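Observations on chain architecture
Residue-level listing of the chains:
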Amino acid sequence: MKKNNIRRTALLLALAMLLGLTACGRKPADPSPAGPAEPNAGSPTQTESPADGTFQLTGDNYDLVFATNGTGTGNYAVAAAQGSIVTSKTGTVNVTVMATSGPEGIVSAIKAGSAQIGIQSYGSMAMLYGEGVDEAMRAMFCGGVTAFGFVTTEESGIKSVEDLRGRRVTYLSNSKGYVIAAEAILAGNGIDAEKDVTALTMVDAASGLQDLVDGKTDAVISAISGSKMEELASKCNPYVIPVSNVEACSEASDGYYVPYDFQREFPGVTLGQSILGIVSMISVTKDTPAEAVYLYVKTCMESYEELAAVGSDLKDWTPEAAIRTAAGLPYHEGAVIYYKESGMWDDEIDAWQQERLSALGTES
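In this report, we go over the structure that sits alongside the text. All figures in this text were calculated on a predicted structure; none of them were measured in a lab. (Residues numbered from 1 in each chain as written. Predicted model: local features only at pLDDT ≥ 70, side-chain atom pairs only at ≥ 80, totals over all residues. Heavy atoms only, no water.)

1. Remarks on empty space enclosed by the protein
Spelled out, the test is: For cavity detection a 1 Å grid was placed over the protein atoms alone, and a set of points counts as a cavity when a 1.4 Å probe fits there but cannot get out; an open set counts as a pocket when protein lies on both sides within 12 Å along at least five of seven lines, with lining residues being those that have an atom within 4 Å of a point. Grid points are joined across faces, edges and corners, and a volume is the space filled by probe spheres set on the points. Counting from the N terminus, the helices are the DSSP runs of H or I reaching at least four residues and the strands are the DSSP runs of E reaching at least two.
With the rule as written, the count across this model stands at 2 cavities of 30 Å³ or more. Its volume calculated, the largest cavity comes out at about 520 Å³. For the largest cavity, the lining is made up of 35 residues, of which Asn-75, Thr-146, Ala-147, Ala-223 and Ser-280 are closest to its centre. Where the lining of the largest cavity is concerned, the elements lending two or more residues are α2 (74-90), β4 (137-153), α6 (176-188), β7 (219-224), α8 (226-233) and β10 (274-285). Sorting elements by how many residues they give to the lining of the largest cavity places β4 first, with 5 residues.

2. Structural notes on the side chain of Glu-291
Filter applied, for reference: Note on exposure labels: buried denotes an accessible area under 20% of the residue type's maximum, exposed denotes more than 50%, and partly exposed covers the range between, all computed with a 1.4 Å probe on protein chains only. We score Asp and Glu as negative and Lys and Arg as positive, and we do not count His or the chain ends. A pair is scored as a salt bridge if a Lys or Arg side-chain nitrogen falls within 4 Å of a carboxyl oxygen belonging to Asp or Glu. In protein, a polar contact means a hydrogen-donor-capable atom and an acceptor-capable atom, both N or O and within 3.5 Å, with residues adjacent in sequence counting only if both atoms are side-chain atoms; elsewhere, any N or O pair within 3.5 Å suffices.
Here Glu-291 shows up in helix α10 (residues 290-302). No salt bridge forms around the buried Glu-291; measuring N to O, its nearest opposite-charge neighbour Lys-298 is 12 Å away. Here the side chain of Glu-291 touches Gly-59 through a polar contact of 3.3 Å, landing on its backbone nitrogen.

3. Quick word on the layout of surface pockets
Where we set the bar: In this count, Pro and Cys sit with the nonpolar residues alongside Ala, Val, Leu, Ile, Met, Phe, Trp and Tyr, while Asp, Glu, Lys and Arg are called charged and the others, Gly among them, polar.
Within this model, the second largest pocket holds a volume of roughly 270 Å³. As for the second largest pocket, its lining consists of 17 residues, of which Thr-100, Ser-101, Gly-102, Val-203 and Asp-204 are closest to the centre. When residues of the lining of the second largest pocket are traced back to their parent elements, those giving at least two are α3 (103-112) and α7 (205-213). For the lining of the second largest pocket, the class distribution of residues is 5 nonpolar, 10 polar and 2 charged.

4. Description of the packing of α10 against helix α12 (residues 333-342)
Cut-off, in case you're wondering: A fitted line through C-alpha atoms represents every axis, and for helices the fit uses only the stretch in contact; the resulting angles, taken between N-to-C directions, go from 0 to 180 degrees. Here the angle decides the label: under 35 degrees means roughly parallel, over 145 means roughly antiparallel, 65 to 115 means roughly perpendicular, and every other value means oblique. Should the near helix be turned counterclockwise from the far one by less than a right angle, the crossing is left-handed, whereas a clockwise turn marks it as right-handed. By the convention used here, residues are in contact when the closest approach between their heavy atoms is within 4.5 Å.
Contact geometry of α10 with α12 gives a least axis separation of 7 Å together with a crossing angle of 45 degrees. Classified by the interaxial angle, the pair formed by α10 and α12 is oblique. As α10 packs across α12, the resulting crossing turns out to be right-handed. For the pair formed by α10 and α12, the contact residues are Ala-290, Val-293, Tyr-294, Val-297, Lys-298, Met-301 and Glu-302 on the first element and Glu-333, Gly-334, Ala-335, Ile-337, Tyr-338, Tyr-339 and Glu-341 on the second. A breakdown of the residues in the contact of α10 with α12 according to their chemical character gives 9 nonpolar, 1 polar and 4 charged.

5. A closer look at α2
What counts here: Helix span, as expected, comes to 1.5 Å for every residue beyond the first.
Relative to the 24 Å expected for 17 residues at 1.5 Å per residue, α2 spans 24 Å between its end C-alpha atoms, a close match to the ideal helical length. Every buried residue belonging to α2 is among Gly-74, Asn-75, Val-78, Ala-79, Ala-81, Gln-82, Gly-83, Ile-85, Val-86 and Thr-90, and all of these are buried. Positive phi shows up at Gly-91, right after α2, with a value of about 75 degrees.

6. Considerations on the environment of Lys-298
Assignment of secondary structure puts Lys-298 in helix α10. The spatial distance from the C-alpha of Lys-298 to the C-alpha of Ile-337 is 9.7 Å, given a sequence separation of 39 residues.

7. Details of α10
Given a rise of 1.5 Å per residue, 13 residues ought to cover 18 Å, and the 18 Å separating the end C-alpha atoms of α10 matches this to within 8%. Of the positions making up α10, those classed as buried are Ala-290, Glu-291, Ala-292, Val-293, Tyr-294, Leu-295, Tyr-296, Val-297, Thr-299, Cys-300 and Met-301.

8. What to know about the pattern of salt bridges
Within the structure shown, the criterion is met by 9 salt bridges. For Asp-218, the salt bridge identified is with Arg-168, shortest N-O distance 3.1 Å. Of this pair, Asp-218 sits in the loop between α7 and β7 while Arg-168 sits in strand β5 (residues 168-172), and the two are 50 residues apart along the sequence. Judged by its relative accessible area of 31%, Arg-168 falls in the partly exposed class. One salt bridge connects Arg-264 with Asp-316, and the closest N-O pair in it is separated by 3.2 Å. Highlighted residues: Arg-264 in the loop between β9 (258-261) and β10 and Asp-316 in the loop between α11 (304-308) and α12, separated in sequence by 52 residues. Accessibility expressed as a relative area gives 27% for Arg-264, which makes it partly exposed. Through salt bridges with shared partners, a single ionic network connects Glu-162, Arg-165 and Asp-196.

9. Concerning the pairing of strand β3 (residues 117-120)
Let me state the cut-off plainly: Strand pairing follows a simple DSSP-based rule, namely that at least 2 bridges must link the two strands.
Residues of β3 alternate between two faces, with Ile-117 and Ile-119 on one and Gly-118 and Gln-120 on the opposite face, all of them buried. Taken together, the 2 bridges between strand β1 (residues 62-68) and β3 define a ladder with parallel strand orientation. Across the sheet, the residue bridging to Phe-66 is Ile-117, located in β3. Bridge count between β3 and β10: 4 bridges; the pairing is antiparallel. Within β10, the residue paired with Gln-120 across the bridge is Met-281.

10. Section: the nonpolar core
Selection criterion: By nonpolar core is meant a set of buried Ala, Val, Leu, Ile, Met, Phe, Trp, Tyr and Cys residues that side-chain atoms within 4.5 Å join together.
Counting 104 residues, the largest nonpolar core has Phe-141, Tyr-331 and Tyr-339 as its most contacted members. A total of 10 residues in this core trace back to one element, the largest contributor, which is β4. Dropping the residues within four chain positions of it, Phe-141 is found in contact with Gln-82, Met-281, Ile-282, Tyr-296, Val-297, Cys-300, Met-301, Trp-317, Ala-322, Tyr-331 and Tyr-339.

Below you can see the structure in the form of structure tokens.
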């Protein structure tokens with residue numbers, strides 16, 4: 001028994017010495033961490049950057065949900081590609097993509113707290129979110145202009161907006177953005193949507209385009225992207241109707257859409273063709289941890305070439321397009337830290353940012 005006690009005492013002393021040595025070799029915790037006190041918290045909290053303006057990573061893990069349009073859309077392709085590369089490269093920011101019914105579904109998910117990230121224009125976000133959007137949301141970065149217009153087929157004989165008179169036109173939808181675009185294009189060209197066309201309803205743009213392929217409609221309002229037109233070209237000969245009187249159409253949408261000329265060619269579209277467009281933006285809830293946003297933005301900006309190689313929908317999300325006043329929302333603190341570190345942030349955008357924050361009565 002006595003020998004056993006001696007052995008037990010020796011074992012405990014050895015263990016104590018081992019623990020002491022381990023503790024001596026451990027880096028002391030940062031008393032002012034950049035990330036939240038509790039990693040992966042169910043309700044993320046805003047973090048503060050160190051006083052010297054740099055960003056100190058904590059290594060905490062974060063789960064983010066990115067709400068986007070349905071599968072098969074250009075926005076879903078963007079969300080899926082970005083989410084995948086951020087998850088794989090950071091090892092600490094896990095992004096899950098949530099397909100929704102469209103802009104309304106994105107905003108509903110964010111307001112319900114089931115998603116932190118969304119993709120759409122500021123105008124769409126503001127209209128659907130309602131009062132308080134500027135207080136609740138922040139921009140991460142902008143992409144290219146998402147074009148909207150009517151799609152038909154080469155065989156339809158429809159070559160202009162005027163040719164839509166008397167035709168079956170699919171644009172009625174639960175997605176207000178599509179309805180606004182369609183009615184603005186028609187109104188800007190003197191066409192009465194209630195009298196001059198036969199308005200048809202679609203569940204979403206994908207179903208509307210399938211109706212076009214099946215001959216159930218003559219034209220469909222849709223977001224116009226390279227991948228979408230490439231897929232449609234495998235089923236028919238698509239033709240995107242040029243938007244004439246584009247300035248008047250923009251005014252008819254109350255500025256929700258802006259005049260835009262296509263910057264590259266793809267099926268159904270010619271270079272320089274006039275269309276309506278909106279500046280795409282990826283926004284995030286204000287209280288999302290700064291470290292998570294910093295890593296998301298940094299990874300996407302520094303992985304542009306890899307992302308652009310995934311598909312045509314990713315090519316417009318260039319670092320050069322990331323910072324725009326067209327974002328509407330002030331930029332998230334985590335994004336600003338990266339932009340300043342990388343030299344992308346300048347005095348002009350900083351003045352705009354401070355003006356927007358001042359109007360909101362906040363510093364972040």
